[in-house]
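Results of the structural survey
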Amino acid sequence: MARSHTLRAGTVVLTVFIGLLLAGCNTMEGLGKDIQEAGRVLENTADRDD
């Protein structure tokens, strides 16, 4: 019985860890897109000032 409880707890911990890892990847992808867009805005502003 203790082994079953340990296995279940390990599965829950692993599932939560994978979920957090995937959420972090998604967040970094969004951050990268935001930084790219900010770079485009700065570039367009610099081009207009020339």
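The structure this text deals with has already been given above.
What counts, and where the lines are drawn
Residues numbered from 1 in each chain as written. Predicted model: local features only at pLDDT ≥ 70, side-chain atom pairs only at ≥ 80, totals over all residues. Heavy atoms only, no water. Helix = DSSP H or I, 4+ residues; strand = E, 2+ residues; numbered from the N terminus. Rg over C-alpha atoms; globule rule 2.2 N^0.38 Å. Buried < 20%, exposed > 50% of the residue type's maximum accessible area, 1.4 Å probe, protein only. Areas by Shrake-Rupley, 256 points an atom, 1.4 Å probe, with all protein chains shown as cover. Salt bridge = Lys/Arg side-chain N within 4 Å of Asp/Glu carboxyl O. Patch = residues over 30% accessible without salt bridge, like charges linked within 9 Å, V, L, I, M, F, W, Y side chains within 5 Å.

Helix and strand counts for the protein chain come out as one helix and zero strands. The C-alpha atoms of the protein chain give a radius of gyration of 22 Å, which is well past the 10 Å a tight globule of 50 residues would have. Along the first, second and third principal axes, the C-alpha atoms of the protein chain reach 75 × 5 × 5 Å. Within the span of the protein chain, comprising 50 residues, buried residues form 0% of the whole. Split by element, the accessible area of the protein chain, about 4,800 Å² in all, is 66% carbon and sulfur.

This paragraph deals with the pattern of salt bridges. Under the criterion given, the structure shown has two salt bridges. Two residues, glutamate 29 and lysine 33, come together in a salt bridge whose shortest N-O distance is 3.5 Å. On the criterion of helical spacing, the pair formed by glutamate 29 and lysine 33 is a turn pair, its members being four residues apart in helix H1 (residues 2-49). Glutamate 29 gets classed as partly exposed once you look at its relative accessible area, which sits at 45%. When the shortest N-O distance is used, the salt bridge between arginine 40 and glutamate 37 registers 2.9 Å. Of this pair, arginine 40 and glutamate 37 are both found in helix H1, three residues apart, which corresponds to roughly one turn of the helix.

On to the environment of aspartate 34. In this fold, aspartate 34 is placed in helix H1. Spatially, the C-alpha atom of aspartate 34 lies 42 Å from that of threonine 6, the residues being 28 residues apart in sequence.

On the surface, Leu14, Phe17, Ile18, Leu21 and Leu22 cluster together into a nonpolar patch covering about 520 Å² of accessible area. Take phenylalanine 17: it is sitting in helix H1. Since its relative accessible area comes to 52%, phenylalanine 17 is described here as exposed.

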